[in-house]
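# Structural characterization, general
What follows is each chain in one-letter form.
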Amino acid sequence: MTIPVMKPYLGEEEALAAAEAVRSGWIAQGPRVADFERAFAAEVGATHGVAVSSCTAALHLALAMLGVGPGDEVVVPSLSFIATTNAVRYVGARPVFADVDPATANLTPESVKAALGPATRAVLLVHQGGMPADLDAVRAVCEPSGIPVLEDAACAIGSTYRGHPVGHGSLLAAWSFHPRKILTTGEGGMLTTEDPDWAVRLRRLREHGMSVSAADRHRSAQPILEQYLELGFNYRMTDIQAAVGLVQLDRLAGVIQRRRERAERYRTLLADVPGLSAVADPAYGTSNFQSFWVTLADHFPVDRNELLRRLAEQGVSARRGIMAAHLEPACADLEHGPLPVTEWFTRSSLILPLFHELTDQEQERVVAVIEEAAR
């Protein structure tokens, strides 16, 4: 039987919550979305949450709200799912790729500083695979020039940074609820912020720039003639998704604890494999291990692709490590400087199966294939 790389942890409670939303007759963006926004914001230590249709939509809205546009530059890691780069291109700005730290796979203050220029309007800092980035260090580089640091926290729910949840006090942080994420609503995303005026505008932007939400119009005893105040988008979440999300939030602490236990067991089992390094917490925080990756040294007996093939032969569904956007055909027209760590990481890393119900025996099957390859 194949061991999947990831399996959503869903149960009867989520099914009942979704069914209750359907039976209520309110299935579009409504009261459950508002409840989910408040609960999620509280979970990550933010003041406001704005639910949207995906994390990509959240990134797009964040950049649009800040007025980033043609002629502007945004510093991003190439080592990230391509949505990070795409969101910058959606607003007509130019992604400027910066290199990453080999241990955390995240931007460093040094690489960000080297990428800043007169046209830089923002830095998009990714907490890669749930690994918290060093936000304070990157902010210290950007703040003297008034450059905002936005957070792509797609994978980071439940991770911590300097004793607080990732997202605590963030200017703008974008989150994903895709099925591969620890907290899922099927599809969906969230923006969190401390600014009440920004939250109001973001809610307007997600709903075609409408002056009054559809939910508020529905609740009113008198007809309301809405206006469309600016160019907006159709980035709403449904109440069915939010109902599932609220149940998932209740599960979150236990899920994170279990994932961290499984990750630590992997680290123990793999500790003596020569030429292999496993991801670990940084000194300044803790990871939710949304992705558990390992990297192979150049002298490892087989390369990454061969190891993936051998795992697949033994019924283990692993994945290549984090992609590098600048190597994809869609980004061939984007100029960039040297990205040696990014290119090493994307060719030398792979993601091992990690999910809530992963058993000891399944982990041992995964490790046995790796040990055999190392011999």
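Residues numbered from 1 in each chain as written. Predicted model: local features only at pLDDT ≥ 70, side-chain atom pairs only at ≥ 80, totals over all residues. Heavy atoms only, no water.

Turning next to the sheet that holds strand E2 (residues 73-77). Sheet architecture is open: seven strands sit in the order E1-E9-E8-E5-E4-E2-E3, paired in mixed fashion. Strands at the two margins of the open sheet, each flanked by one partner only, are strand E1 (48-52) and strand E3 (94-98). With direction set aside, neighbouring strand axes in the sheet form an average angle of 25°. Relative to strand E5 (residues 149-152), strand E4 (residues 120-126) runs parallel, the two sharing four bridges. (Pairing = 2+ DSSP bridges. Helix = DSSP H or I, 4+ residues; strand = E, 2+ residues; numbered from the N terminus. Axes fitted to C-alpha atoms, helices over the stretch in contact; angles between N-to-C directions.)

Okay, the environment of Phe355 next. One can find Phe355 in the loop between strand E14 (349-352) and helix H12 (360-374). Under the relative-accessibility criterion, Phe355 is labelled buried at 2%. For the pair Phe355 and Arg262, spaced 93 residues apart in the sequence, the C-alpha separation amounts to 8.3 Å. (Buried < 20%, exposed > 50% of the residue type's maximum accessible area, 1.4 Å probe, protein only.)

Moving on: the pattern of salt bridges. What the rule picks out here adds up to 24 salt bridges. For Arg251, the salt bridge is made with Glu14, and the minimal N-O distance between the two is 2.6 Å. Placement of Arg251 in helix H9 (residues 239-270) and of Glu14 in helix H1 (residues 12-24) is noted, with a sequence separation of 237 residues between them. With relative accessibility at 4%, the residue Glu14 sits in the buried group. Between Arg94 and Glu73 there is a salt bridge, and its shortest N-O distance comes to 3.1 Å. Of the two residues, Arg94 sits in strand E3 while Glu73 sits in strand E2, which places them 21 residues apart along the sequence. Where salt bridges share partners, they join Arg262, Arg265, Asp360 and Glu364 into one cluster. (Salt bridge = Lys/Arg side-chain N within 4 Å of Asp/Glu carboxyl O.)

So, on to the nonpolar core. In this structure, Trp175, Leu270 and Phe292 are the most contacted members of the largest nonpolar core, which totals 79 residues. In terms of residue count, the dominant contributor to this core is H9 (eight residues). Among the nonpolar cores identified, the runner-up in size contains 38 residues, and Leu61, Val74, Val88 and Ala174 belong to it. (Core = buried A, V, L, I, M, F, W, Y, C linked by side-chain atoms within 4.5 Å.)

Our next topic: H1. Under the 1.5 Å per step criterion, the end-to-end length of H1 is 18 Å for 13 residues, consistent within 8% with the ideal 18 Å. Glu14, Ala17, Ala18 and Ala21 are the residues of H1 that are buried. In a view along the axis of H1, the buried residues occupy a sector of 95°, so they form one face of it. Of the residues in H1, the exposed ones pointing more than 90 degrees away from the buried face are Glu12 and Arg23. (Expected span 1.5 Å × (residues − 1). Arc of directions from axis to C-beta.)

Further remarks concern helix H6 (residues 135-142). Since the α-helix packs 3.6 residues into each turn, any two residues three or four apart lie on the same face. All buried positions along H6 are accounted for by Leu135, Val138, Val141 and Cys142. Each buried residue of H6 lies within a common arc of 125° when the element is viewed along its axis, so the set occupies one face. Tucked inside the fold, the buried residues of H6 contact helix H5 (109-115), E4, E5 and strand E6 (160-161). (Contact = heavy atoms within 4.5 Å.)

With that settled, the discussion passes to unusual backbone geometry. Its identity as a non-glycine residue notwithstanding, Ala105 has a phi of 65°, on the positive side. By the secondary structure assignment, Ala105 is in the loop between E3 and H5. Looking at Ala105, the relative accessible area reads 1%, which means it is buried. The phi angle at Phe289 is positive, at roughly 50°, despite the residue not being glycine. Tracing the chain through its elements places Phe289 in the loop between strand E11 (285-286) and strand E12 (292-296). Taking the relative accessible area as the measure of exposure, Phe289 reaches 4% and is therefore buried.

On to the side chain of Arg206. With respect to the helices and strands, Arg206 occurs in the loop between helix H7 (196-205) and helix H8 (214-219). Residue classification places Arg206 among the buried residues on the basis of a relative accessible area of 5%. One polar contact links Arg206 to Gln29, side chain to side chain, over a distance of 3.3 Å. In this structure Arg206 touches Gln29, Glu37, Val50, Ala51, Val52, Leu61, Phe233, Asn234, Tyr235 and Arg236, once residues within four positions along its chain are discounted. (Polar contact = N/O pair within 3.5 Å; in protein donor to acceptor, adjacent residues only side chain to side chain.)

On their own, these measurements won't tell you what the molecule is for.
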